Amino acid sequence: MHNIDKIKKEFLKKYRSQKLYSKTVFNFLDLVNQYIDVDNDYHVIEQLIEAENVVEFDVFWENDKGKIVKNKGYRVQHSKLLGPYKGGLRFHPTVNLDILRSLAFEQSLKNAITGLPLGGAKGGSDFDPKHKSDDELRRFCYKYMESLAPYLGHDYDVPAGDIGVSNKLIGYMYDAYRKLKGDDPGVFTGKPISEGGSILRPEATGYGLVYIAESALKHYKNTDFKRKKVLISGSGNVAIHAAYKVCELGGMVVAMSDSSGVIYNNQGLDVSYVDEIKTKDKRIHAYLDKYPQTFFSADSKHIWNFKADIALPSATQNEVQLVDAKKLVDHGIIGIFEGANMPLTKEASDYVIDQGVIFIPGKAANAGGVSVSYFEMVQNKLKQQWTKEDVDKKLKDVMTNIFNNIYKEAERINQKMRLDIASDLVGYKRLRDKILKG
Ligand code: NDP
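About the cut-offs
The residue numbering used here restarts from 1 in each chain and proceeds along that chain's sequence as written. Only residues with pLDDT of at least 70 are given local features in this predicted model, and only at 80 or more are side-chain atom pairs given and counted; all residues enter the totals for whole chains, interfaces and linings. Side-chain descriptors were evaluated using all non-hydrogen atoms of the structure, hydrogens and water having been removed beforehand. Each residue's exposure class comes from its accessible area (1.4 Å probe, protein chains only) as a fraction of the maximum for that residue type: buried when under 20%, exposed when over 50%, partly exposed otherwise. Strands are runs of DSSP state E lasting at least two residues, helices are runs of H or I lasting at least four, and both sets are numbered from the N terminus onward. Throughout, a contact is declared for two residues whenever any of their heavy atoms are within 4.5 Å. Near residues are defined by distance, with any heavy atom within 4 Å of the molecule or strand qualifying the residue. Identification of polar contacts relies on pairs of N or O atoms within 3.5 Å, with a donor-acceptor requirement for protein atoms, meaning one able to donate a hydrogen and the other able to accept it, and with residues adjacent in sequence counted only if both atoms are side-chain atoms. All accessibility values rest on the Shrake-Rupley procedure with a 1.4 Å probe; residue burial counts only the protein chains present in the view. All residues other than Ala, Val, Leu, Ile, Met, Phe, Trp, Tyr, Cys, Pro, Asp, Glu, Lys and Arg, Gly among them, are scored as polar; the first ten of these are nonpolar and the last four charged. Domain ranges listed in this record stem from an automatic or a database domain assignment. As used in this record, nonpolar core signifies buried Ala, Val, Leu, Ile, Met, Phe, Trp, Tyr and Cys residues forming a set joined through side-chain atoms within 4.5 Å. Multiplying one less than the number of residues by 1.5 Å gives the expected span of a helix. Any two strands with at least two DSSP-identified bridges between them are counted as paired. In this analysis, axes come from line fits to C-alpha atoms, helices being fitted only over the stretch in contact, and the angle between any two N-to-C directions falls in the range 0 to 180 degrees. The buried area of a pairing is the accessible area, by a 1.4 Å probe, that goes missing from both parts when the two are put together, added over both. In the sections that follow, a salt bridge refers to a side-chain nitrogen of Lys or Arg positioned within 4 Å of a carboxyl oxygen of Asp or Glu.

**Student:** I'd like a rundown of helix α12 (residues 346-354), residues and numbers included.
**Tutor:** Along α12, the residues that are buried comprise A348, S349, Y351, V352 and I353. Looking at the buried positions of α12, the neighbouring elements they touch are α11 (322-330), β11 (335-337), β12 (358-360) and α16 (419-437). Directly beyond the C-terminal end of α12, a positive phi value near 85 degrees is found at G356.

**Student:** Hey, could you go over the site of the ligand for me, with residue numbers and the actual values?
**Tutor:** Around the ligand, 26 residues are found, and the nearest of them are K130, D162, T205, S259 and R283. At a separation of 2.9 Å, an oxygen atom of the ligand approaches a polar side-chain atom of R90. One of the backbone N or O atoms of V238 is found 2.9 Å from an oxygen atom in the ligand. Notes on the ligand: free accessible area 900 Å², of which the protein chains cover 84%. Residues of the shell around the ligand, tallied by class, amount to four nonpolar, 14 polar and eight charged. Three or more residues apiece are contributed to the shell around the ligand by two domains, here domain 2 (51-183) and domain 3 (204-365).

**Student:** Tell me what's going on with the nonpolar core, and back it up with residues and numbers.
**Tutor:** In globular proteins that are soluble, nonpolar side chains generally tend to be buried together. Within the largest apolar cluster, 55 residues are counted, with the highest numbers of intra-cluster contacts made by I232, M256, L312, F337 and I360. At ten residues, the largest contribution of residues to this core is made by helix α7 (residues 201-221). L312 has contacts with L209, V210, V230, L231, I232, S233, A242, V246 and F337, leaving out every residue within four places of it along the chain. The next biggest cluster of nonpolar side chains, apart from the first, holds 27 residues, and it includes F11, F26, V38 and Y42.

**Student:** Help me get a handle on helix α8 (residues 237-248), residues and values and all.
**Tutor:** Residue pairs three or four apart in sequence face the same way in an α-helix, which turns once every 3.6 residues. Compared with the 16 Å implied by 1.5 Å per residue over twelve residues, the 17 Å span of α8 between its first and last C-alpha is a close match. Of all the residues in α8, the buried ones are V238, A239, I240, H241, A242, A243, K245 and V246. Check the buried side of α8 and you find it contacts α7, β6 (229-233), β7 (252-258), α9 (271-279) and β10 (310-313).

**Student:** Lay out the sheet that holds β6 in plain terms, naming residues and giving numbers.
**Tutor:** Strand pairing in a sheet relies on backbone hydrogen bonds. The paired strands run either parallel or antiparallel. In space, the seven strands of this open sheet follow the order β9-β8-β7-β6-β10-β11-β12, with mixed pairing throughout. The sheet is open, and its two edges are formed by β9 (295-297) and β12, each paired on a single side. On average, each strand axis in the sheet is inclined to that of its neighbour by 15 degrees, with strand direction left out of account. Sheet topology places β6 next to β7; four bridges connect them, and they run parallel. If you follow V230 over to β7, its bridge partner there is V253. Strands in contact with α7 are β10, β11 and β12; relative to β12, the strand with the most contacts, it is inclined by about 145 degrees.

**Student:** Explain unusual backbone geometry to me, and be specific about the residues and the numbers.
**Tutor:** Here R227, not a glycine, exhibits a phi torsion of approximately 60 degrees, which is positive. As for its position among the elements, R227 is in the loop between α7 and β6. The backbone of N318 sits at a positive phi, close to 60 degrees, despite the residue not being glycine. Mapped onto the fold, N318 is located in the loop between β10 and α11.

**Student:** A description of the domain arrangement of the protein chain should follow, citing residues and the corresponding values.
**Tutor:** In terms of domains, the protein chain is made up of domain 1 (1-50), domain 2 (51-183) and domain 3 (204-365). On a C-alpha basis, the centres of domain 2 and domain 3 stand 27 Å from each other. Across the boundary between the two partners, domain 2 contributes 13 residues, which contact nine residues of domain 3. Overall, the association of domain 2 and domain 3 removes approximately 940 Å² of surface from exposure, summing both partners, and the carbon and sulfur fraction of that is 51%. Here K363 makes a salt bridge to E106, at a shortest N to O gap of 3.4 Å. Inspection of the region where domain 2 meets domain 3 yields three residue pairs in polar contact (both at pLDDT 80 or more). It is helix α4 (residues 97-114) that provides the largest number of residues to the side of domain 2 that touches domain 3, a total of seven residues. Taken together, the residues that form the side of domain 2 that touches domain 3 break down as five nonpolar, two polar and six charged.

What follows is the structure, given as structure tokens:
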């Protein structure tokens, strides 16, 4: 049996029921297989695909009606090779260990790609923060922290936000942490600025996504965002800030979505109004209250039917399948840059790359968030507060560096369009070097 099959077989013995995790790891193995010496690296690969530590617990909390509710809580500490475990917390009813293991593995590669001293982790809960009162959110965060706090520390494990976890919730969790373990501002990133958070952390993932897309458009097509029509799925943290940056660079955001539908206007959407309605926790259909002529569909996936130049899928995993990818290509898309984690299925990304579309996977394209999280850790350590201009410049530098590194790697393997393989290889090599050279 070939060694890659042996690794897969051993992996399935333990994780057969964890479908997404297995799929993510196997996609990685299949992509890099041709470019690494699997026989030689057998034990390195074995180590890198498995999480070092998994924390799982029940969270019992009281809602406003006095009822005791039970949720599951998790933290997957995947790799501490390069620095403290680092990765977001996701609060969403779909959260389970399978999703988090898969995201934690990807996060370790992502953090390695940034070149920063950060390990990889992911965590969260199946708690749904939507339509909860502030008191309920606080109570939940406190009980969640009671179980998680013993596993955290500024030089050990430093969570941030992800889907459903805004900087307000990070503030509640840090409050709880302080009560339980004492002051340690470096233990969370994405904190409110008053609690030691970094300027531009909320904007960082979306801005970084547009910065790396800008580099790619320039290198591959000698063009930019000016007058480009852009589809952005989602209307949360990543999507909104990407949308603002696209507009700032002269592009036009023609469609956005949430889990209840999609809005479209060929002449461009009013991004600040989308921001306003989503901040008020309304459904995206509320956009029509002010702009009744806007096209609306209750099918979020309808967003991939529209003609545009660029797509920034920034909602959730597996939201672009092969059938959607084909529609995007038929309509002349030139670049797809992943704001979310793994929004394109492997079939979809293979297809668009084959068709000559520029594609950058989330583990490189959405690394702006974790990079500014790192800046937040440094500011906390130095007891400094950097300016918006400082952070923005550093963010741009990191994203440009990431692009240059993966582009160079793609050229080296003679696969100029395979920025997905190149990203995995850049991350893998850094982790491998750390194991071998310390
Ligand atoms: P948010 O919770 O702020 O926003 C998620 C958005 O996606 C919401 O608008 C939500 O709609 C929408 N959404 C969820 N499911 C669907 C669906 N099936 N179809 C259409 N829209 C949907 O999360 P973030 O913006 O923080 O995260 C988005 C993605 O980016 C995730 O994959 C996350 O892991 C990734 N990411 C985030 C980073 C960050 O810094 N925040 C860093 C790196 C990656 P609704 O309001 O209806 O729920």
